[in-house]
Amino acid sequence: MKYLHGETVALYIAACAIATGIGGCSTDQEYKLSHLSACANLSFPEGADVVWYQHDSQFRESTSVAVVDIPIESVSEFKHRSGFAEFAPGVPSSWKSDWTATGMNDLLMTAAANEQSVEGYRDPRRYVVIHDSGDKARRIFVHTDC
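Residues numbered from 1 in each chain as written. Predicted model: local features only at pLDDT ≥ 70, side-chain atom pairs only at ≥ 80, totals over all residues. Heavy atoms only, no water.

What follows concerns the sheet that holds strand 4 (residues 114-117). Within the open sheet, the six strands sit side by side as 1-2-6-5-4-3. Their pairing is antiparallel. Taken across any chain shown, the strands that pair with only one partner, and hence form the sheet edges, are strand 1 (49-58) and strand 3 (87-89). Strand-to-strand twist of the sheet, defined as the mean angle between neighbouring strand axes without regard to direction, takes the value 15 degrees. Bridge count between strand 1 and strand 2 (residues 61-71): nine bridges; the pairing is antiparallel. Each bridged residue has a counterpart across the sheet, and for Trp52 the counterpart in strand 2 is Val67. Lying on the sheet, helix 2 (residues 28-40) is in contact with strand 1, strand 2, strand 5 (125-132) and strand 6 (137-145); it crosses strand 1 at an angle near 60 degrees. (Pairing = 2+ DSSP bridges. Helix = DSSP H or I, 4+ residues; strand = E, 2+ residues; numbered from the N terminus. Axes fitted to C-alpha atoms, helices over the stretch in contact; angles between N-to-C directions. Contact = heavy atoms within 4.5 Å.)

Shape is all these values report; function is a separate question.
This is the structure we're talking about:
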């Protein structure tokens, strides 16, 4: 599988910046996934689909909030390549403020269908919840500060 990851993303973004001036480079979808990869060190598998995305930059910090669907068979590899040590049932205590703007808070209300990343302090901060809707994809909720 093809994954977008750290160093590759930085080169990709630089190449796209140059290529955009001479006719374009990537889709909006690829740009959003590349930004999340570079900002939060997340490795999305091929076939990832950005369902919702918002980026806000103020002063020296930026916040990105996204909802991304990935194929169910890619979840383990997503966790591993993104450097997550473990996940636990439920959602972070800040879930309402983190993902209210997505309009999908109803998916995060029950711990039974969700698992959250359990990380100590790390920079940049990233909160990730994987929602199991019972179908062939998993919905990844991301909130990161870079």
